[in-house]
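Now for the letters of each chain:
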Amino acid sequence: GQSLEQPSEVTAVEGAIVQINCTYQTSGFYGLSWYQQHDGGAPTFLSYNALDGLEETGRFSSFLSRSDSYGYLLLQELQMKDSASYFCAVRGRPSNTGKLIFGQGTTLQVKP
Amino acid sequence: DSGVTQTPKHLITATGQRVTLRCSPRSGDLSVYWYQQSLDQGLQFLIQYYNGEERAKGNILERFSAQQFPDLHSELNLSSLELGDSALYFCASSAPGGGETDTQYFGPGTRLTVL
């Protein structure tokens, strides 16, 4: 089957850096995605890694190591508005469908 | 605003009833996905339609069904509702083939409460 593991909660202070890890088990890998969801809101796409390495988008970066089946989302210069849930996701099987399998989500609380 | 619309925003109904949730994908997107999100579960994939045809199924209950119409909007039908069906139901759409980044665009969701 396919499964993803990520911490359930992370707390950090405004202005700090936080890393949210994700490990996955999947047969056939096509990339790791990250989504942000504010309380009760719609998930929104943040980033995608298909190849090993770091992808940077403003204050957010995402890293992937395919050999370790591991990725992380790095949030820098944390702001209060970054308090949200963050989900990692992989493409489900069969791969041509595009459906996503999500981790359980990490709730990030940013404190002043 | 993702461009995906869902109605209604909230729905309160009783056990045993049947409801229909509606979704309109972004203009040009052929794929529609339905996800269920309850308090103790993450985002669970239910079903996908692509250009009117069922493409993939997740752990969707037999009491649930969906369809995609020629204008590409989709409806999720939930019947014989149980308390445990109370959840947020999201619709998402994507470009044909999912695009290079597997990006899915989520609607605002329908919050279903079964009493």
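Everything numeric here is computed off the predicted structure, so don't read it as measured data.

Cut-offs applied
- Residue numbering note: each chain is counted from 1, following its sequence as written.
- Throughout, the order in which chains and ligands are written sets their labels, letters from A for the former and numbers from 1 for the latter.
- Two thresholds apply to this predicted model, a pLDDT of at least 70 for residue-level local features and 80 or more for giving and counting side-chain atom pairs, whereas whole-chain, interface and lining totals are computed over all residues.
- Computation of side-chain values: all heavy atoms of the structure, hydrogens and water removed.
- Cysteine sulfur atoms that come within 2.5 Å of each other are treated as a disulfide pair.
- Every helix listed is a DSSP run of H or I at least four residues long, and every strand listed is a run of E at least two residues long, numbered separately from the N terminus.
- Here the term buried applies to any residue with accessible area under 20% of the maximum for its type, exposed to any over 50%, and partly exposed to those in between, with areas from a 1.4 Å probe on protein chains only.
- For this document, the term salt bridge refers to a Lys or Arg side-chain nitrogen within 4 Å of an Asp or Glu carboxyl oxygen.
- When DSSP locates at least two bridges between a pair of strands, those strands are taken to pair.
- Axes here mean lines fitted to C-alpha atoms, for a helix over just the part in contact, with angles spanning 0 to 180 degrees between N-to-C directions.
- Residues count as neighbours in contact if any of their non-hydrogen atoms are within 4.5 Å of one another.
- Accessible surface is computed with a 1.4 Å probe, and the buried area is the amount of it that two parts give up when combined, taken over both parts together.
- Two N or O atoms count as a polar contact when they lie within 3.5 Å, although within protein this holds only if one can serve as hydrogen donor and the other as acceptor, and sequence-adjacent residues are included solely when both atoms are side-chain atoms.
- Ten residue types, Ala, Val, Leu, Ile, Met, Phe, Trp, Tyr, Cys and Pro, are classed as nonpolar, four, Asp, Glu, Lys and Arg, as charged, and the remainder, Gly among them, as polar.

All chains considered together, the criterion is met by two disulfides over all chains. There is a disulfide in this structure between Cys22(A) and Cys88(A), and the S-S distance comes to 2.1 Å. Its torsion about the S-S bond being 80°, the disulfide of Cys22(A) and Cys88(A) is classed as right-handed. Here Cys22(A), found in strand β3 (residues 18-25), pairs with Cys88(A), found in strand β9 (residues 84-91); they are 66 residues apart in sequence, far enough to count as distant. A residue is classified by how much of its surface remains accessible, and Cys88(A), at 0% relative accessible area, is buried. Here Cys23(B) pairs with Cys91(B) through a disulfide, and the sulfurs are 1.7 Å apart. Judged by the sign of its S-S torsion, about -45°, the bond between Cys23(B) and Cys91(B) is left-handed. Taken together, the positions of Cys23(B) in strand β3 (residues 19-24) and Cys91(B) in strand β9 (residues 87-94) put the pair 68 residues apart, joining distant regions of the chain. With relative accessibility at 0%, the residue Cys23(B) sits in the buried group.

Another point: the pattern of salt bridges. Residue and element names in this part refer to chain B. Summed over all chains, the structure comprises six salt bridges over all chains. Linking Asp85 and Arg63 is a salt bridge whose minimum nitrogen-to-oxygen distance equals 2.8 Å. Taken as a pair, Asp85 in the loop between β8 (74-78) and β9 and Arg63 in the loop between β6 (53-57) and β7 (64-68) lie far apart in primary sequence, 22 residues in all. No difference in accessibility class separates Asp85 from Arg63, as the two residues are buried.

The omega torsion across Thr7(B) and Pro8(B) is -10°, close enough to zero to call that bond cis. Note that Pro8(B) resides in the loop between β1 (5-7) and β2 (10-13). Unlike most non-glycine residues, Glu77(A) shows phi in positive territory, near 45°. Given the relative accessible area of 52%, Glu77(A) is considered exposed. At Leu72(B), a position not held by glycine, the phi torsion is positive, near 80°. Owing to a relative accessible area of 16%, Leu72(B) belongs among the buried residues under this scheme.

Right, let's get into the sheet that holds β1(B). All names here are of chain B. Pairing is antiparallel across the open sheet formed by four strands, whose spatial order is β1-β3-β8-β7. The outermost strands of the open sheet, each flanked by one partner alone, are β1 and β7. Taken over all neighbouring pairs, the strand axes of this sheet differ in orientation by 15° on average, direction set aside. With three bridges connecting them, β1 and β3 associate as antiparallel partners. Bridging from a neighbouring strand, Thr7 pairs with Arg22 of β3.

In this section: the interface of chain B and chain A. Across the boundary between the two partners, chain B contributes 24 residues, which contact 19 residues of chain A. Together chain B and chain A conceal approximately 1700 Å² of surface at their shared face, both sides included; 53% is due to carbon and sulfur atoms. If you sort the residues of chain B by the area they bury against chain A, Leu43(B), Asp102(B) and Phe106(B) come out on top, with a joint share of 32%. Across the contact surface, chain B and chain A share four residue pairs in polar contact (both at pLDDT 80 or more). At the level of secondary structure, the elements contributing two or more residues to the side of chain B that touches chain A comprise β4 (31-37), β5 (43-50), β6 and β9 of chain B. Counting residues per element, the side of chain B that touches chain A draws most heavily on β5(B), at four residues. Looking at side-chain class alone, the side of chain B that touches chain A contains nine nonpolar, nine polar and six charged residues.

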